[in-house]
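# Observations on the model geometry
Each chain is listed here by its residues.
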Amino acid sequence: MEPATLLVCVGLLLFNSERAASAGCDVNIDPSRVVVRFGDPVTVNCSTTREDVMGAGWEASVNPVNKLNSATAVWNVSSLTQKQYCLCLFAEYPESVSLIAPEFMKIGVESNITCQVLDVAPARYLSVKLYKGDEELGNRSFTHDSTRFPVNASVPFPVTPTRADNGSEYTCVAELQLGPGEPIQNSSLPFRMLPIGAASAGCDVNIDPSRVVVRFGDPVTVNCSTTREDVLGAGWEASVNPVNKLNSATAVWNVSSLTVWDAEPKCYINCRSEPRQCVEKLDLVIYKFPESVSLIAPEFMKIGVESNITCQVLDVAPARYLSVKLYKGDEELGNRSFTHDSTRFPVNASVPFPVTPTRADNGSEYTCVAELQLGPGEPIQNSSLPFRMLPIDFEEQPILTVSENVEVNQTSTVRCELKNAFPAEEVQAKLLINNKIHTERSNMDNVYVEESFTLDSAEPAMIECHVSLRSLSKSTNKTIQGYVLPEPTVHTEAVLVNHTGIVTCSVNGSVPETATQRLLLNGFPVNESHNSAPAQYVFKAEKELNGKVITCETELNLAAASVKKNQSATLSVLYPPTIKTRFPASKDLKEGEKLSSHFDCEAEGNPPPKTVWLKDSKEFDSSKILMRGDGGVYQLKTVNKLGSATATVTVTVGYEPSVINPAEESVPVVKGDSVVFNCTAEAIPSPTYTWKHPEADNVNTTTRDNVSTLTITGVSSSNEGVYECHAWNIHGNSTRKVTVIVIDYLLPLIAGVAALFVLLILILIIVLYRMYYKRHKTGEYSLKAGKPSSANGSMGHNGKGAEEIPLTPI
């Protein structure tokens, strides 16, 4: 089987310190862990998100990489066959695993079965186990071995065969636990146990129980017997309470308190015939529970730095059944067994486990556990008190940020910062100025102290920053220099264009001899002076200088650097207004628009001019909505106290057509007659006319003087229909419709005859009526009083009878 290789590389960035990469280093390796077979290709990327990178690379004995000015470096090997290179770790699969056993293994006699593993790396991930069938008899790990290179491991496992072991198969297994998941395994060929011994089948020595596990100081009783009949005697050979029973096939070894470690009891049977003596050793395990289990850790465990946590087990026996384990919570981090140790007496075991803390481990509890696996079932355990991991990161020096030159009697700021410290909340920081505590803070979320301070003199002052984490402390300091520098003053006045202007730069109060007064125009020096004398700038006022920034600057040269103060002003050059916008001679606008939407006046002048629109010498509101009658000549006038400027534009206000003729009606036309329709519309600009009408050769259209005329000559039935006049311009259109109804020429004659006939009948009726009326007319009459007739007693007129009285119409 070919060996496999595990590679775990650490990228080297030029800002990296010698310690392991902390949170501030931000080294990202992708993938972070690589398992690759020896001889196969491998590619790993190393990068950072930091911006102050000078370069990145891989330090390795094969294909090293060095990339300047790059935050990324790729380590690529087409065939990984090199076993040694810096900062890289190989895990090589064992070349072979073999089981070595004595030629003869005697029943009841302890012998070593040795598991031999060749060419494996790294040893710290290796476990070597001995199995009898599926039963694990021993386990030896090498977590304390930090060797990176391939090693050969030879692990002896003590075995005391019994008759029950006859024919059992024993196997050595090597495991590499390279990460989460199942380990990589390799096994030896199975070894078949064929034990021999003093106690042969003919001896028939029976020990009950065959295996005894007894605590040191406890009682023990074991019976030894045989079924042979030619027995002379039986007994126990031991360093404590030996037994000798003559003429007995049974012997009992009994100890009320077993307080020796080397008892080594053996039962013997003496017989008359061969074999005359049979001897069988008792499989006796005397154990002592660990007196104490303790965990020993360094006072400070640094994040990213490997340290040893040591599990110490005192006064335990026998060592061969002991396993010492380190747990983080419920997670097993390491396991060290002592199956190769055949010491019977109590021993002290000190087992180091390498641990590299991370920030995530903060507050985790670590525990050492000692286990005695004396037989099948659960082991006997004893544990240390839990150790609470409180790792720290306190590698970087504090950074003191403060200006080296501080103005006297002015507030300044000092900041002391400690980067990448962990845990940040436990860091204490203290600022001192001239050995006096200025501020002191602790239990900060962010590890910095920032305070304001004031110097009362120009003497040098010492600022110190002290930071501490638990019992560790660091400090840094810086000397600052105080100075006095008055404020500068710039004086300037408005100047009429083409006249001479003067700007003066002066300082209020006394100025050190090393101070300089300087005038700068738009950042470029134009004059300077020394020894408190004012600096002046004399210039010819031009429009281009208006609005330029003039700066008065005072500079003081100190030992380490120079300090400056300044005051700025704006030059003011006075000149009459001008209109910079180019106006057209005329402009066509549409009804409903505004002047302000089409004319953007850019005028300049100092003082800033006022701009107005005029129409017919009256001010016109440019935001007003234009109507049809608003066309005409407009003036834009801009004025300041030094003069004025005017621009003129003729504005035409256009609108869409509105047809006013012909009337929208139905017009009857006699066939054969001619008809003329005139179409007129109001619009600016003048509209264009089109007619839509039934197709006919006798229809003609003409347009003149904004009137479009449609003439139908000799109307026929084909001319009947709707005639539409369309008037349009750039602003819109309008339509007027006329319906022509064609009638025949006989119809008027028939209509006239019918009308005459009706008229004659009406006249006849009227005449007949009048005749009848005159003949039978009725009316009102007046009665005059008459004298009564004496003849007949009735009233008569003037003595006449009533029948003779005339009726006079009223």
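Residues numbered from 1 in each chain as written. Predicted model: local features only at pLDDT ≥ 70, side-chain atom pairs only at ≥ 80, totals over all residues. Heavy atoms only, no water.

With that settled, the discussion passes to the side chain of R336. Residue placement: R336 occurs in strand β29 (residues 331–337). In this structure, R336 is buried with no salt-bridge partner, the nearest side chain bearing the opposite charge being D341 at 7.5 Å. (Helix = DSSP H or I, 4+ residues; strand = E, 2+ residues; numbered from the N terminus. Buried < 20%, exposed > 50% of the residue type's maximum accessible area, 1.4 Å probe, protein only. Lys, Arg positive; Asp, Glu negative; His and termini not counted. Salt bridge = Lys/Arg side-chain N within 4 Å of Asp/Glu carboxyl O.)

Further remarks concern the state of the cysteines. What the rule picks out here adds up to six disulfides. Each sulfur in the disulfide pair C311 and C368 lies 1.9 Å from the other. Handedness of the C311-C368 disulfide follows from its S-S torsion of about -80°: it is left-handed. Taken together, the residues span a long stretch of sequence, with C311 in strand β27 (residues 307–316) and C368 in strand β31 (residues 365–372) at a distance of 57 residues. Across this residue pair, the class does not change: C311 and C368 are buried. Put simply, C416 and C465 are joined by a disulfide, and their sulfur atoms are 1.6 Å apart. Of note, the bridge from C416 to C465 carries an S-S torsion of about -70° and is left-handed in sense. (Disulfide = S-S within 2.5 Å.)

An order of β17-β19-β22 is seen for the three strands of this open sheet, with the pairing classed as antiparallel. Strands with a single pairing partner mark the edges of an open sheet, and in this sheet they are β17 (205–208) and β22 (250–255). Across the sheet, the mean angle from the axis of one strand to that of its neighbour is 15°, orientation sign disregarded. As paired strands, strand β19 (residues 220–226) and β22 are joined by six bridges and run antiparallel to one another. Bridge pairing links S225 to T250 in β22. (Pairing = 2+ DSSP bridges. Axes fitted to C-alpha atoms, helices over the stretch in contact; angles between N-to-C directions.)

Following the criterion strictly, the structure yields eleven aromatic pairs and no others. Taking 6.1 Å as the distance between ring centres and 70° as the angle between the ring planes, the aromatic pair formed by F583 and W613 counts as edge-to-face. Here F583 is found in the loop between β50 (573–579) and β51 (586–590), whereas its partner W613 is found in strand β53 (residues 610–615), with 30 residues between them in sequence. Given the relative accessible area of 8%, W613 is considered buried. Taking 5.2 Å as the distance between ring centres and 75° as the angle between the ring planes, the aromatic pair formed by F620 and Y634 counts as edge-to-face. Highlighted residues: F620 in strand β54 (residues 618–620) and Y634 in strand β55 (residues 632–640), separated in sequence by 14 residues. (Phe/Tyr/Trp six-rings, centres within 6.5 Å; stacked < 30°, edge-to-face > 60°.)

Attention now moves to the sheet that holds strand β34 (residues 399–401). Hydrogen bonds between backbone atoms are what pair the strands of a sheet, whose relative direction is either parallel or antiparallel. Taken together, three strands build an open sheet; the order of strands is β34-β36-β39 and the sheet is antiparallel. Of all strands in the sheet, those with a lone pairing partner are β34 and β39 (448–454), marking the two edges. The average undirected angle you get between the axes of adjacent strands in this sheet is 15°. Sheet topology note: the β34/strand β36 (residues 411–417) ladder contains three bridges and is antiparallel. Counterpart to I399 in the pairing with β36 is E417.

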